Amino acid sequence: MRLGPDTRASLLLYASFAAAILLAIMPMPAWAEDFRPDWVGLVLIYWCIATPQRVGVGSGWLLGLILDILYGHALLGLHALTKATVAYIAMRLHLQLRMFPRWQQALAVAILLFVSQLIVLWVRGAVGRAPQGIGYWTPAIVGLVLWPFVFAALRNLRRRGDIR
Amino acid sequence: MITVFGYPLRSPSPFARLVLLAALSTLLMVLDHRGHYLDRLRSTTMVIIRPIYAVAGLPAGVIEAVGDFFTTSRTLRHEVATLRDETRELKARQLSYDALQAENERLRQRLASAARVATRLMAADLIEVAAEPYARKIVVARGSRQGIFVGQPAIDAHGVLGQVTQVAADVSRVTLITDPGHAIPVLNNRSGLRAIVFGTGDPDILQVRYQTASADIKPGDLLVTSGLGGTFPPGYPVGVVHKIIHDPNEAFLDIHVRPAAKLNHGKRAILIWPTRAPLSAPNPPAHGPARK
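Quick caveat, the model's predicted, so the values are computed rather than measured.

A.B. asks: For the nonpolar core, give the residues involved together with the corresponding values.
C.D. replies: Most often, soluble globular proteins have nonpolar side chains that are buried together. The biggest cluster of nonpolar side chains holds 40 residues, and the ones touching the most others in it are Phe17, Ile45, Trp47 and Trp147 of chain A. Looking at this core, the element that brings in the most residues is helix α2 (residues 39-50) of chain A, giving 10 residues. In this view, Phe17 of chain A contacts Val43, Leu44, Trp47, Val55 and Leu63 of chain A; residues no more than four positions away in its chain are not counted. Residues Ile138, Val197, Val238 and Val257 of chain B belong to the second largest nonpolar core, which totals 37 residues.

Next comes the structure, spelled out in structure tokens:
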């Protein structure tokens, strides 16, 4: 079967999201759980910056909803809300973010991830079970450290797959 | 361009879309939190997501398989020896246990109280552990087709694991006692003090709340299920008091409890049918998790 270049690009894009989702739900030892970065958030932010006309608020929302369903015990709609918000901010700032040097970009990404964690914390607090402890915030820091690698890997994918 | 009655319809701006979707997700959350409107939907999705989790679990499975392969024969021999010793010891204990049970039965008869019928058990393989941090739940490979019901207690060889909170045809979700939404009524085995043990989200720490400084509880005390609330049968170990912090500024003691069950170990949970709970029409858990 021959695929058109655009279909192929879309498939690659979906594949990157699928990989992020699998990484997000992959079983890990309990001690490593706090260090699991927000894979879906990272990949979503990248595509919002690189191809805002393809990936935006709607895609973010849908991804979040998939995560909610997969987690199974989170409030349905919680991650949908945070991912849509993150996608919106990343989309709005995509021109500035593209211009930033890599470390500054990583910092901005960490702030975005922090914001999404904050929304989760608020909603959880409102329904009466807010996570406690500093361990809750480590994924944002891990995201900061991982961003340059995620960026490089996805840029590579984007160039090879000619995703515009 | 799409037109509606001749008017061109522009696709909404990103901000409008965000507002719309945020409202939609809030609606979903309210439906999910307030009512149990989405329960049916959830038990359906639980079946759909199983294969996805199976794929996500592959790397861990491969690592484990490779690890098993390289287990040396020495370790195995050592393990066999330990297991043999253990079997011998358990058999010896079983002897005295049988005698004790018979005696217990006789005493009960004399007291004319209802004898505890042997509890029905069912082992269930763990197929999934919650990926979301701070929620302590597991999914086991037994469901309504095997008679599992919501509110059913789950234990392991060492103590109480939690209770079933969602049931699909062949799988069900168990909320562990360490889940922040879970509470279980207990009795201090030493002093008889009644208390409620709450989950904290931390896999090693449970919390006893609402105990004043004068409560008869101290580190090392074993807490067992009290049977109050009707969800858990009485007498199963829940945890051991680990640390008591008395802050004079607080009205209540901060009591930390180590769970007795090995919540993070093993691949099997045991589901039990409490003797007095009806098999066909289970009550919703009175002290069940204060639903999210």
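A.B. asks: Residues and numbers for the sheet that holds strand β8 (residues 183-188) of chain B, please.
C.D. replies: All names here are of chain B. Ordered in space as β8-β9-β10-β13-β12-β11, the six strands form a closed barrel in which the pairing is antiparallel. Here the strands of the sheet are splayed against their neighbours by 40° on average, with no regard to which way each runs. Sheet topology places strand β11 (residues 222-225) next to strand β12 (residues 237-245); three bridges connect them, and they run antiparallel. Across the sheet, Leu222 pairs through a bridge with Val240, a residue of β12.

A.B. asks: Go over the pairing of strand β9 (residues 194-199) of chain B, please, and point to the residues and values.
C.D. replies: Two faces make up the sheet, and in a regular strand the side chains alternate between them. Residue and element names in this part refer to chain B. When β8 meets β9, the two strands line up antiparallel, connected through five bridges. Note on β9: the bridge partner recorded for Pro185 is Ile196. In textbook terms, the turn of a hairpin is the stretch between consecutive antiparallel strands, and for β8 and β9 this stretch comprises five residues, one of which, Gly192, has a positive phi near 80°. In this structure, β9 lies alongside strand β10 (residues 206-208), joined through three bridges in antiparallel fashion. Looking at the pairing, Val197 lines up with Val208 of β10. Taking the residues between adjacent antiparallel strands as the criterion, β9 and β10 are bridged by six residues, where Gly201 takes a positive phi near 95°.

A.B. asks: Can you break down the confidence of the model for chain B residue by residue, with the values?
C.D. replies: All names here are of chain B. Per-residue confidence for chain B gives a mean pLDDT of 81, with 85% of residues at or over 70. Of the regions scoring below 50 in pLDDT, residues 277-292 engages in 33 contacts with residues more than four places distant in sequence or in other chains. As a predicted assembly, this complex carries a pTM of 0.61 together with an ipTM value of 0.82.

Each value, and the rule that gives it
- Here the residue index of a chain counts from 1 through its sequence in written order.
- To read the labels, note that chains go from A and ligands from 1, taken in the order they are written.
- Selection of residues for local features in this predicted model requires a pLDDT of at least 70, selection of side-chain atom pairs for listing and counting requires 80 or more, and totals for whole chains, interfaces and linings are taken over all residues.
- With hydrogens and water set aside, each side-chain value is computed from the structure's full complement of heavy atoms.
- Throughout this description, the term nonpolar core refers to a set of buried Ala, Val, Leu, Ile, Met, Phe, Trp, Tyr and Cys residues connected via side-chain atoms within 4.5 Å.
- Classification of residues uses two cut-offs on accessible area relative to the type maximum, computed with a 1.4 Å probe and protein chains only: under 20% is buried, over 50% is exposed, and between them is partly exposed.
- Put simply, DSSP H or I for four residues or longer makes a helix, DSSP E for two residues or longer makes a strand, and each gets a number counted from the N terminus.
- Should any heavy atoms of two residues lie within 4.5 Å, those residues are counted as being in contact.
- Being paired, for any two strands, means DSSP has found at least two bridges between them.
- Between N-to-C directions, angles span 0 to 180 degrees; the directions come from axes that are lines fitted to C-alpha atoms, helices contributing only their stretch in contact.
- On a range of 0 to 100, pLDDT expresses the predictor's confidence in each residue.

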